[in-house]
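Here's the letter readout for the chains.
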Amino acid sequence: MTRISTAQLDEMKATGEKIVSLTAYDASFAIVLDEAGVEVILVGDSLGMVLHGEDSTLNVTMEDMIYHTRQVVKGSKRAMVIGDMPHKSYLNPEQALTNARRLIEEAGADVIKLERGDSSICEMIRHIVSHDIPVCAHLGLTPQSIEELGGYKVQGRDPATAKKIKQDALAVQEAGATILVLECVPSALAADITAELRIPVIGIGAGADCDGQVLVIYDLLGISRKSPHMAKNFLAENGNIRDAIAAYIEAVKFSSFPDAEHSFK
Ligand code: KIV
């Protein structure tokens, strides 16, 4: 079976079919998500918090990401697998390329993800993409910059920051990113960016108008230590894990999730 391609995600954006994504960090969850029809499995560096019990993602290593991405690749057949580049693994273009290659070649990821949208990140994106590795960018609340951002806060509420996020979104697209994750931004800003970009935008706490949605699987199951405002516990209403995931998929496909309660103004 061939995996979902970036061209298929582009097609979904074009036709308006919502893209469903969830995180997974091991083969068992990857099997369940893949069989349920999740299109994109993100092996996020959120594993530092939900698996390792840390307060941030800052201590996650390349070895951690390779180890968990490999398990997810083994467990899935159809979903696109995105592997996250951890903090300090892309400090310059050569290091970024070496580590992106490791996620693709050693772990089997289809796409790699890196955070932020400044000019140095665009340089990394250009370099990685020029070696035929697809890149997913990540803007808005970027947890690897938590110290600079001063906490897990909604980004883009004031006009200057909103303008910067939109400029960064256009810049990462121009640099060659093929997907954008937009985290914790007001719904209206996310809708504007989604309409402006030709690449698919996958939101988390970014309102229902993005091209798709992603959640941390443990938030969806209500078993994270701190469940963020934008996450919904689908297990509470559905009784078992497979039904909870099916309900999330249906809610994303029919744009009933995220609702106002799980979005930001
Ligand atoms: O690390 C992660 O799981 C992520 C998602 C929250 C988007 O980056």
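The model shown is predicted, which means the values in this text are computed figures rather than measured ones.

Enquirer: So what exactly am I meant to see when it comes to the overall build of the chain here?
Expert: Across its full length, the chain carries twelve helices and eight strands. For 265 residues, the compact-globule estimate of 2.2 N^0.38 gives 18 Å, and the chain sits close to it at 17 Å. Oriented by its inertia axes, the alpha-carbon framework of the chain measures out at about 45 × 40 × 40 Å. When burial is assessed residue by residue, the chain has 55% of its 265 residues classed as buried. The contacts in the chain between residues at least 6 apart in sequence include a share of 63% that link residues at least 24 apart. As presented, the chain carries roughly 11200 Å² of accessible surface, and 51% of it is formed by carbon and sulfur atoms. Charge separation in the chain, taken as the distance between the mean sites of 25 positive and 37 negative side-chain charges, equals 1 Å.

Enquirer: What's the story with the sheet that holds strand β4 (residues 111-115) in this structure? I'm lost.
Expert: In a beta sheet, neighbouring strands pair by backbone hydrogen bonds and run either parallel or antiparallel. As summarised here, the arrangement of the eight strands in space is β1-β2-β3-β4-β5-β6-β7-β8, forming a closed barrel in which the pairing is parallel. Across the sheet, the axes of successive neighbouring strands diverge by a mean angle of 25 degrees, strand direction being ignored. Direction of pairing for strand β3 (residues 80-84) relative to β4: parallel, over a ladder of three bridges. Bridging from a neighbouring strand, Asp-84 pairs with Lys-113 of β4.

Enquirer: So what exactly am I meant to see when it comes to the nonpolar core here?
Expert: One finds Leu-114, Leu-180, Leu-182, Ile-217 and Leu-220 to be the most contacted residues of the largest nonpolar core, which totals 93 residues. Among the elements that line this core, the one with the most residues is helix α12 (residues 241-253), at six residues. Other than its neighbours up to four places away in sequence, Ile-217 contacts Leu-22, Thr-23, Tyr-25, Phe-29, Leu-33 and Ile-245.

Enquirer: What's the story with the site of the ligand in this structure? I'm lost.
Expert: Residues in contact with the ligand, as listed here, are Thr-23, Leu-42, Gly-44, Asp-45, Ser-46, Asp-84, Lys-113, His-138, Val-181, Glu-183, Ile-204 and Val-216. In the model, an oxygen atom of the ligand is placed 2.5 Å from a nitrogen or oxygen of the Ser-46 side chain. A distance of 3.0 Å is found between an oxygen atom of the ligand and a side-chain nitrogen or oxygen belonging to Lys-113. Contact with the protein chains covers 95% of the free accessible surface of the ligand, which is 260 Å².

Enquirer: Help me understand the packing of helix α8 (residues 159-175) against helix α9 (residues 187-196), please; the structure alone is not making it clear to me.
Expert: To describe two helices that pack against each other, one gives the angle between their axes and the distance between the axes. The geometry of α8 relative to α9 is characterised by a closest axis approach of 10 Å and an angle of 25 degrees between their N-to-C directions. As far as their axial angle goes, α9 and α8 are roughly parallel. In this structure, α8 crosses over α9, and the sense of that crossing is right-handed. Side by side, α8 and α9 meet where Ala-162, Ile-165, Lys-166, Ala-169 and Leu-170 of the first sit next to Leu-189, Asp-192, Ile-193 and Glu-196 of the second. Of the residues belonging to the contact of α8 with α9, the class tally is six nonpolar, no polar and three charged.

Enquirer: Teacher, can you tell me more about the packing of aromatic side chains here?
Expert: Across all of its chains, the model carries five aromatic pairs by this definition. Between the aromatic rings of Phe-234 and Tyr-248, the centroid separation amounts to 5.6 Å while the plane-to-plane angle is 80 degrees, which identifies the pairing as edge-to-face. Here Phe-234 is found in helix α11 (residues 234-238), whereas its partner Tyr-248 is found in helix α12, with 14 residues between them in sequence. Here Phe-234 and Tyr-248 have matching classes, each one buried. Here Tyr-248 and Phe-257 contribute two aromatic rings whose centre-to-centre distance is 6.0 Å and whose plane-to-plane angle is 65 degrees, an arrangement assigned as edge-to-face. Neither residue differs from the other here; Tyr-248 and Phe-257 are each classed as buried. Lys-232 extends its terminal NZ or CZ atom over the ring of Phe-234, reaching a point 4.8 Å from the ring centre.

Enquirer: How should unusual backbone geometry be read in this particular structure?
Expert: Phi is mostly negative for residues that are not glycine, and the peptide bonds are mostly trans. The residue after Phe-257, namely Pro-258, is reached through a cis peptide bond having omega 0 degrees. Here Pro-258 is to be found in the segment after α12. In the Ramachandran plot, Arg-116 falls in the positive-phi region, its phi being about 85 degrees despite a non-glycine side chain. The topology assignment puts Arg-116 in the loop between β4 and α6 (119-129). By relative accessible area, which is 28% here, Arg-116 ends up partly exposed. Although it is not a glycine, Asp-132 sits at a positive phi angle of roughly 65 degrees. With respect to the helices and strands, Asp-132 occurs in the loop between α6 and β5 (135-140).

Each value, and the rule that gives it
- Here the residue numbers are simple positions, counted from 1 along each chain's written sequence.
- Predicted model: local features are reported for residues with pLDDT of at least 70 only, side-chain atom pairs are reported and counted for 80 or more only, and whole-chain, interface and lining totals are derived from all residues.
- Only hydrogens and water are set aside when side-chain values are computed; all heavy atoms of the structure are taken into account.
- Secondary structure is summarised from DSSP: a helix means a run of H or I of at least four residues, a strand means a run of E of at least two, and numbering begins at the N terminus for each.
- Here the radius of gyration uses the C-alpha set of atoms, whereas the globule reference equals 2.2 Å times the residue count to the power 0.38.
- Burial classes: relative accessible area under 20% of the type maximum marks a residue as buried, over 50% as exposed, and values in between as partly exposed (1.4 Å probe, protein chains only).
- By definition, residues are in contact when any of their heavy atoms lie within 4.5 Å.
- What sets the accessible areas is the Shrake-Rupley method with a 1.4 Å probe; for residues, cover comes only from the shown protein chains.
- Charge convention: Lys and Arg are scored as positive, Asp and Glu as negative, and His as well as the terminal groups of each chain are ignored.
- We put the charge of a Lys on NZ, of an Arg on CZ, of an Asp on CG and of a Glu on CD.
- The pairing criterion is simple: DSSP has to find at least two bridges between the two strands.
- To obtain an axis, a line is fitted to C-alpha atoms, over the contacting stretch when the element is a helix, and the angle between two such axes runs from 0 to 180 degrees between their N-to-C directions.
- Within this scheme, the nonpolar core is defined by two criteria: the residues are buried Ala, Val, Leu, Ile, Met, Phe, Trp, Tyr or Cys, and they are joined through side-chain atoms within 4.5 Å.
- Being near a molecule or strand, for a residue, means having at least one of its heavy atoms within 4 Å of it.
- Polar contacts, as used here, are pairs of N or O atoms within 3.5 Å; protein pairs need one atom able to donate a hydrogen and one able to accept it. Residues neighboring in sequence count only if both atoms are side-chain atoms.
- Note on terminology: angles under 35 degrees are roughly parallel, angles over 145 are roughly antiparallel, angles of 65 to 115 are roughly perpendicular, and the others are oblique.
- Take the far helix as your reference; a near helix turned counterclockwise from it by less than a right angle gives a left-handed crossing, and one turned clockwise gives a right-handed crossing.
- Note that Gly is not counted as nonpolar here; it falls among the polar residues with everything else outside the nonpolar set of Ala, Val, Leu, Ile, Met, Phe, Trp, Tyr, Cys and Pro and the charged set of Asp, Glu, Lys and Arg.
- Here a pair means two rings of Phe, Tyr or Trp (six-membered ring of Trp) with centres within 6.5 Å. Their orientation is stacked below 30 degrees between planes, edge-to-face above 60, and tilted elsewhere.
- Criterion for a charge above a ring: Arg CZ or Lys NZ at most 6 Å from the ring centre, at most 35 degrees from the ring normal.

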